[in-house]
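# A structural walkthrough
So you can see what is in the structure, the chains are spelled out below.
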Amino acid sequence: MTTSSRRLLVTGRHGFVGGILSRMLEQAPYAARWELAEISPDLDLRDAGAALTLVESTRPDVVIHLAAQSAVPESFRDPVSTFQINLLGTLHLLQALKRRQFSGRLLYVSSGDVYGLVPAAELPAGEERLPCPRNPYAVSKLAAEALCAQWAMTDALDVLIARPFNHIGAGQSERFAISDFARQIASIKVGSSAPIVRVGNIDVSRDFTDVHDVVAAYFALIERGHAGETYNVCSGRETSVRYLLDQLVALSGVAITVAQEEARIRPAEQPRMVGDARKILEHTGWRAQTPIESSLKAALQYWQRSLEKAD
């Protein structure tokens, strides 16, 4: 694929990752390479007609399919909507691309959550591992992966699958643990809350990557990834959630009490998780670079500004 300016369609571009992606496209080295297609914040890919109108109006050269219901607790509360958005929405996009004779590259953004429970002795989780999803969100993502793979076989679609692990940064929804901790701590710092941070099980570890690095991985895959391949997007480093909470507290300079709440604890929680990042490095040269402390500082500052503005 050439590096000349190409028209890029990003579903979900008004979400957390999509917003970061849009801002990164305004800067080097991406600004001269890409023309970002306009897309309505109200776009709903559950509507097949809306998907077709989107593709017809944007005429993309490349598509990054980010749009999803991505919160695991929400997927348990409303599995039907989760599947309608994540699987049916993907089907409608594929049908629209086929109808408009799309001949470019599609990057489907799945999730490292599709691996499910991985025994500690078998970590890090590599792409060759058989997925075993344990929640409706992960099942919907794996089903959409299979749908994209089928489209690649039967319709010669140039498709790649990205499996991002946990990513963090400014602007992430408080439905995700680290962002929620940052929001609670920022609320304490601005004097809006008592000095108590309510948590679930923080004695677990995960593989965290800064959202800017995640977006950079998507562009690396578009430009240098191998057609038909699946790639972990992760740091390859294991970090405990308790450590990240401690770092947020240290960055804020406030004194807190940690209160564990039963309602925040997920059933059958995976104690440890870390991904194998070697394949994406070998194929594209991408690796996570942003120190996790920078990501935490950005998340904390985001919530502090938001709360101060709300007052």
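Residues numbered from 1 in each chain as written. Predicted model: local features only at pLDDT ≥ 70, side-chain atom pairs only at ≥ 80, totals over all residues. Heavy atoms only, no water.

## Description of the nonpolar core
What counts, and what does not: The term nonpolar core refers to a set of buried residues drawn from Ala, Val, Leu, Ile, Met, Phe, Trp, Tyr and Cys, joined through side-chain atoms within 4.5 Å. Three exposure classes are used, based on accessible area relative to the maximum for each residue type with a 1.4 Å probe and protein chains only: buried under 20%, partly exposed in between, and exposed over 50%. Numbering of helices and strands runs from the N terminus; a helix is a DSSP stretch of H or I covering at least four residues, while a strand is a stretch of E covering at least two. Contacts are assigned to residue pairs that have any heavy atoms within 4.5 Å of one another.
In this structure, L8, L21, I64, Y218, F219 and V233 are the most contacted members of the largest nonpolar core, which totals 33 residues. Considering each element in turn, this core owes the most residues, 10 residues, to helix α7 (residues 211-224). When residues no more than four places from it in sequence are discounted, the contact partners of Y218 are V17, I64, L66, L107, V109, A162, P164 and V233.

## Observations concerning the packing of helix α1 (residues 16-24) against α7
Stated precisely, the cut-off is as follows: Comment: axis = line fitted to C-alpha atoms, over the contacting stretch for helices; angle = value between 0 and 180 degrees taken between N-to-C directions. The cut-offs work like this: below 35 degrees is roughly parallel, past 145 is roughly antiparallel, 65 to 115 is roughly perpendicular, and the gaps in between are oblique. For this classification, Asp, Glu, Lys and Arg are treated as charged, while Ala, Val, Leu, Ile, Met, Phe, Trp, Tyr, Cys and Pro are nonpolar and the rest, including Gly, are polar.
At their nearest, the axes of α1 and α7 sit 10 Å apart, and the two run at 70 degrees to each other. Here α7 runs roughly perpendicular to α1, going by the angle between their axes. Contacts between α1 and α7 involve F16, V17, I20, L21 and M24 from the first element and V211, H212, V215, A216, Y218 and F219 from the second. Here the residues of the contact of α1 with α7 are counted per class, giving 10 nonpolar, one polar and no charged.

## Here we look at the state of the cysteines
Convention followed: The rule for a disulfide is simple: a pair of cysteine sulfur atoms within 2.5 Å.
The tally for this structure, following the rule as stated, stands at zero disulfides. Between C234, a free cysteine, and C132, which holds the nearest cysteine sulfur, the sulfur-to-sulfur gap is 19 Å. By relative accessible area, which is 1% here, C234 ends up buried.

## Topic: the pairing of strand β4 (residues 105-109)
Taken residue by residue, a regular strand's side chains alternate between the two faces of the sheet. The line we're drawing: One requirement defines pairing of two strands: DSSP has to find at least two bridges between them.
Of all the five residues making up β4, five are buried; the element is thus mostly covered by neighbouring parts of the structure. Neither face of β4 is open: one carries R105, L107 and V109, the other L106 and Y108, and all of them are buried. In terms of strand pairing, strand β3 (residues 62-65) meets β4 through four bridges, oriented parallel. Each residue of the ladder has a partner; that of V62, found in β4, is R105. Here β4 runs beside strand β5 (residues 158-164); their pairing, made up of five bridges, is parallel.

## Some thoughts on helix α8 (residues 241-252)
To keep it simple, the criterion reads: Given a helix with a known number of residues, its expected span is that number minus one, times 1.5 Å. Think of the arc as the fan of directions from the helix axis to the C-beta atoms.
For α8, which comprises 12 residues, the first-to-last C-alpha distance of 17 Å matches the rise-based estimate of 16 Å (1.5 Å per residue) to within 8%. For α8, the complete set of buried residues consists of V241, L244, L245, L248, V249 and S252. Down the axis of α8, the buried side of the element spans an arc of 140 degrees, and every buried residue falls inside it. In this fold, the buried residues of α8 make contact with α6 (177-189), β7 (196-199), β9 (208-210), β11 (239-240), β12 (257-260) and α10 (292-310).

## Regarding the packing of α6 against α8
Between two packed helices, the angle of one axis relative to the other and the distance separating the axes together describe the packing. The criterion, for reference: In this scheme the crossing of two helices becomes right-handed for a clockwise turn of the near helix relative to the far one and left-handed for an anticlockwise turn of less than a right angle.
Direction vectors running N to C along α6 and α8 enclose 25 degrees, while the axes themselves pass 10 Å from each other. The angle between α6 and α8 places the two elements in the roughly parallel class. When you trace α6 past α8, the crossing you get is right-handed. In contact with I178, F181, A182, I185 and K189 of α6, α8 contributes V241, L244, L245, L248, V249 and S252. Taken together, the residues of the contact of α6 with α8 break down into nine nonpolar, one polar and one charged.

## Points about the sheet that holds strand β2 (residues 34-36)
Taking strand neighbours across the sheet as the criterion, the six strands line up as β2-β1-β3-β4-β5-β10 in an open arrangement whose pairing is parallel. Each end of this open sheet is capped by a strand with a single partner; those strands are β2 and β10 (230-233). Sheet twist, expressed as the average angle between the axes of neighbouring strands with direction ignored, equals 25 degrees. Against the sheet, helix α4 (residues 79-99) makes contact with β1 (6-11), β3 and β4, and its axis sits at roughly 170 degrees relative to β3, the strand it touches most.

## Things to note about α10
Here α10 contains 19 residues, and its C-alpha end-to-end distance of 27 Å stays within 8% of the 27 Å for a straight helix at 1.5 Å per residue. Taken as a whole, α10 has its buried residues at I292, S295, L296, A299, L300 and W303. An end-on view of α10 places all buried positions within 130 degrees of arc, on one side of the element. Considering only its buried residues, α10 is in contact with β6 (166-168), α6, β9, β11 and α8.

## Quick look at the packing of aromatic side chains
Put simply, the rule is: Any pair of Phe, Tyr and Trp rings, taking the six-membered ring for Trp, is counted once the centres come within 6.5 Å. Such a pair is stacked with planes under 30 degrees apart, edge-to-face with planes over 60 apart, and tilted for the rest. Over a ring means this: the NZ of a Lys or the CZ of an Arg is within 6 Å of the ring centre and within 35 degrees of the ring normal.
What the rule picks out here adds up to four aromatic pairs. With centroids separated by 5.2 Å and ring planes inclined at 75 degrees, the aromatic side chains of Y302 and W303 adopt a geometry described as edge-to-face. By relative accessible area, which is 11% here, W303 ends up buried. An aromatic cluster of three or more residues is present, and its members are Y30, W34 and F219. Over the ring of Y231 we find K279, and its NZ or CZ is 5.0 Å from the ring centre.

That is the geometry; function is a separate question.
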